[in-house]
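Structural description and commentary
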Amino acid sequence: MAERDLEYEELEYEEYETEENARFFELREEAEDFEDRPRINWGSVAAVILSIILAIFLSITGIRSLSQASEDAPYAGKSWVISGTYSDMTTSLDTKEYVGVYKGTLPQDDRMNGATFKSNVKDKKQVTAGEQVEFLGTQVGEIPADFEKEADALLVKSGDTLEVVRTGKKGSVNLVTDGSVAGAYTVGWGSVLGAVLVLIFGIGGAIWWHRRTAPVYDEDEYEDEPYEEYEEEELDEEDSQERP
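Keep in mind it's a predicted model, so treat the numbers as computed, not measured.

**Here we look at the nonpolar core**
Counting residues in hydrophobic clusters, the biggest one holds 17 residues, and the most contacted among them are Phe-117, Phe-135, Leu-155 and Leu-162. Leaving out residues up to four positions away in the same chain, Leu-162 has contacts with Trp-80, Met-112, Ala-115, Thr-116, Phe-117, Lys-118, Val-127, Leu-155, Val-156 and Lys-157. In terms of nonpolar packing, the next biggest core, distinct from the first, is built from seven residues, Tyr-75, Ala-76, Val-156 and Val-173 among them.

Pasting the structure below:
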């Protein structure tokens, strides 16, 4: 009876020891799996973020250039830049805010003769080359000191009508030509294409760099053959001990 109890206790201990060994190796494999998890490659992350920021900047530049080119296209070859001096302020018909009134002189160009000038200050009238006219500025304010004393304006001709479509600080308004419109389109589409290429090469380069710098593990280090052989030896020993 005592011998049977001893054998039973030994079997229970061996089963417990086997379970503990299995649990030990299971925890070890979990720890190895945790160590093998891919770590964050901050170089790749920085490359992606930088490419996104640059792509956004190029996209905004491209969209603005394309919008400006589309707006200027009808004025190419039919525009002039004139200068004006502040004379008064009045309420804008569109915004109901105060804008400056400027006096300027029409260009000495035969295309001015007989054209109708729309000033948005006074009634439309027919003008001649070199005639003095009044036009509204685009800057808003509340007192005379809020307005530029001198301003440039883009004068365009549509049909037989002359009109100021844009004003700005002196020296800030440029003549619209076929070349300037084509240049704006080139800058716009080039910037958009550049944004796409930056994203492609930025993200692609980040992936390539991540793979290049990722640690490489030897599969032989994680083979389970020694452990399986050890288990088989233990089972053989148990079988030999149980046999009479």
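**Here's the deal with the sheet that holds strand β6 (residues 150-158)**
Overall, mixed pairing links the seven strands, which are arranged β4-β3-β7-β6-β1-β2-β5 in an open sheet. Of all the strands in the sheet, the pair left with one neighbour each is β4 (125-126) and β5 (132-141). In this structure, strand β1 (residues 79-91) lies alongside β6, joined through seven bridges in antiparallel fashion. Across the sheet, Ile-82 pairs through a bridge with Ala-153, a residue of β6.

**A few points about the confidence of the model for the chain**
Mean pLDDT over the chain stands at 78; residues scoring 70 or higher make up 70%. Mean pLDDT values over the elements of the chain span from 50, in helix α4 (residues 225-242), up to 92, in β6. Contacts for the low-pLDDT stretch residues 221-228, under 50 throughout, to residues beyond four places or in other chains number six contacts.

**Considerations on the pattern of salt bridges**
A complete count under the given rule lists five salt bridges for this structure. Here Arg-166 makes a salt bridge to Glu-71, at a shortest N to O gap of 3.5 Å. Within this pair, whereas Arg-166 is found in strand β7 (residues 161-169), its partner Glu-71 is found in helix α2 (residues 42-72), the two being separated by 95 residues in sequence. Glu-71 gets classed as partly exposed once you look at its relative accessible area, which sits at 39%. Among the ionic pairs, Asp-72 bridges to Arg-166, the shortest N-O distance being 2.6 Å. One end of the pair, Asp-72, is in helix α2; the other, Arg-166, is in strand β7, and 94 residues separate them in sequence. A residue is classified by how much of its surface remains accessible, and Asp-72, at 10% relative accessible area, is buried. Among the residues examined, Arg-166 registers a relative accessible area of 21% and is labelled partly exposed. Within this structure, Glu-71, Asp-72 and Arg-166 form a network of salt bridges that share partners.

**Quick word on helix α3 (residues 178-213)**
Taking 1.5 Å per residue as the helical rise, α3 with its 36 residues ought to reach 52 Å, and the 51 Å between its terminal C-alpha atoms agrees with that figure. Among all positions in α3, only Val-181, Ala-184, Gly-188, Ser-191, Gly-194, Ala-195, Gly-202 and Ala-206 are buried. The inward-facing, buried residues of α3 contact α2.

**Comments concerning the pairing of β6**
Burial runs high along β6: seven of the nine residues are buried. Note: β6 against β7, eight bridges, orientation antiparallel. From the neighbouring strand, Ala-153 faces β7, where its bridge partner is Thr-167. The loop that links β6 with its antiparallel partner β7 comprises two residues; one of these, Gly-159, has a positive phi angle of about 70°.

**Things to note about the packing of α2 against α3**
Any two packed helices are characterised by how steeply their axes cross, that is the angle between the axes, and by the distance between the axes. Look at α2 against α3: their axes get within 7 Å of each other, and the N-to-C directions meet at 165°. With respect to α3, the axis of α2 lies roughly antiparallel. Crossing of α2 over α3 shows left-handed handedness. In the contact of α2 with α3, the residues fall into 20 nonpolar, 12 polar and one charged.

**Section: α2**
The terminal C-alpha atoms of α2 lie 45 Å apart, and with 31 residues this matches the ideal 45 Å at 1.5 Å per residue to within 8%. Those residues of α2 that sit buried are Ser-44, Ser-51, Ala-55, Leu-58, Gly-62, Ser-65, Leu-66, Ala-69 and Asp-72. Packing partners of the buried residues in α2 comprise β7 and α3.

Cut-offs applied
- Residues numbered from 1 in each chain as written.
- Predicted model: local features only at pLDDT ≥ 70, side-chain atom pairs only at ≥ 80, totals over all residues.
- Heavy atoms only, no water.
- Core = buried A, V, L, I, M, F, W, Y, C linked by side-chain atoms within 4.5 Å.
- Buried < 20%, exposed > 50% of the residue type's maximum accessible area, 1.4 Å probe, protein only.
- Contact = heavy atoms within 4.5 Å.
- Pairing = 2+ DSSP bridges.
- Helix = DSSP H or I, 4+ residues; strand = E, 2+ residues; numbered from the N terminus.
- pLDDT = per-residue confidence, 0-100.
- Salt bridge = Lys/Arg side-chain N within 4 Å of Asp/Glu carboxyl O.
- Expected span 1.5 Å × (residues − 1).
- Axes fitted to C-alpha atoms, helices over the stretch in contact; angles between N-to-C directions.
- Parallel < 35°, antiparallel > 145°, perpendicular 65-115°, else oblique.
- Left-handed = near helix turned anticlockwise from the far one by under 90°.
- Nonpolar A, V, L, I, M, F, W, Y, C, P; charged D, E, K, R; others polar.

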